[in-house]
Amino acid sequence: MTGPDLDPEQYPPIDPREPVPDDAGVLLPGGPDELPEAPHEPSPDDGGNAGGVREPA
């Protein structure tokens with residue numbers, strides 16, 4: 001299986017030897033400056049399994 005033919009103007013090739021930029025805006029222009037906080041997942045300490053995965057019998 002081969003990869004899709006991508007337009008090199010829109011999707012330039014990635015050099016794995018290049019360091020990762022500190023600013024995420026370089027990788028995702030137009031994205032938010034800060035990411036929102038992750039949603040809270042219920043845990044057994046929160047008083048049960050409300051909405052969570054049931055424990056096996």
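Here the structure is shown first, and the text comes after it.
Residues numbered from 1 in each chain as written. Predicted model: local features only at pLDDT ≥ 70, side-chain atom pairs only at ≥ 80, totals over all residues. Heavy atoms only, no water.

A few words on the overall build of the protein. Broken down by element type, the protein carries 1 helix and 0 strands. Classification of the 57 residues of the protein by burial places 0% in the buried group. Counting only carbon and sulfur atoms, one obtains 56% of the accessible surface of the protein, whose full area is about 6,200 Å². (Helix = DSSP H or I, 4+ residues; strand = E, 2+ residues; numbered from the N terminus. Buried < 20%, exposed > 50% of the residue type's maximum accessible area, 1.4 Å probe, protein only. Areas by Shrake-Rupley, 256 points an atom, 1.4 Å probe, with all protein chains shown as cover.)

Together, Val20, Val26, Leu27 and Leu28 make up a nonpolar patch on the protein surface, roughly 450 Å² of accessible area in all. Structurally, the position occupied by Leu27 is in helix 1 (residues 24-27). In this structure Leu27 comes out as exposed when scored by relative accessible area, which is 59%. (Patch = residues over 30% accessible without salt bridge, like charges linked within 9 Å, V, L, I, M, F, W, Y side chains within 5 Å. Salt bridge = Lys/Arg side-chain N within 4 Å of Asp/Glu carboxyl O.)

Tallying each qualifying case throughout the model produces 1 salt bridge. The closest approach of N and O atoms between Asp15 and Arg17, which form a salt bridge, is 3.1 Å. The class of Asp15 is partly exposed, set by a relative accessible area of 31%.

This part covers the layout of surface pockets. What the largest pocket holds in volume is close to 220 Å³. What lines the largest pocket is simply Pro13, Ile14, Asp15, Glu18, Pro19, Val20, Pro21, Val26 and Leu27. Of the residues contributing to the lining of the largest pocket, the split by class is 7 nonpolar, no polar and 2 charged. One number sums up the size of the second largest pocket: a volume of about 160 Å³. Lining the second largest pocket are Asp23, Ala24, Gly25, Leu28, Gly31, Pro32, Asp33, Glu34 and Leu35. For the lining of the second largest pocket, the per-class residue count stands at 4 nonpolar, 2 polar and 3 charged. (1 Å grid on protein atoms, 1.4 Å probe; cavity = no way out; pocket = protein on both sides within 12 Å on 5 of 7 lines; lining within 4 Å. Points joined across faces, edges and corners; volume = space filled by probe spheres on them. Nonpolar A, V, L, I, M, F, W, Y, C, P; charged D, E, K, R; others polar.)

Right, let's get into a negative patch on the surface. There is a patch of like negative charges on the surface, built from Asp22, Asp23, Asp33 and Glu34. When you line up the elements, Asp22 lands in the segment before helix 1. (Lys, Arg positive; Asp, Glu negative; His and termini not counted. Charge placed at Lys NZ, Arg CZ, Asp CG, Glu CD.)

So, to be careful, I would describe these as geometric facts and stop short of saying anything about function.
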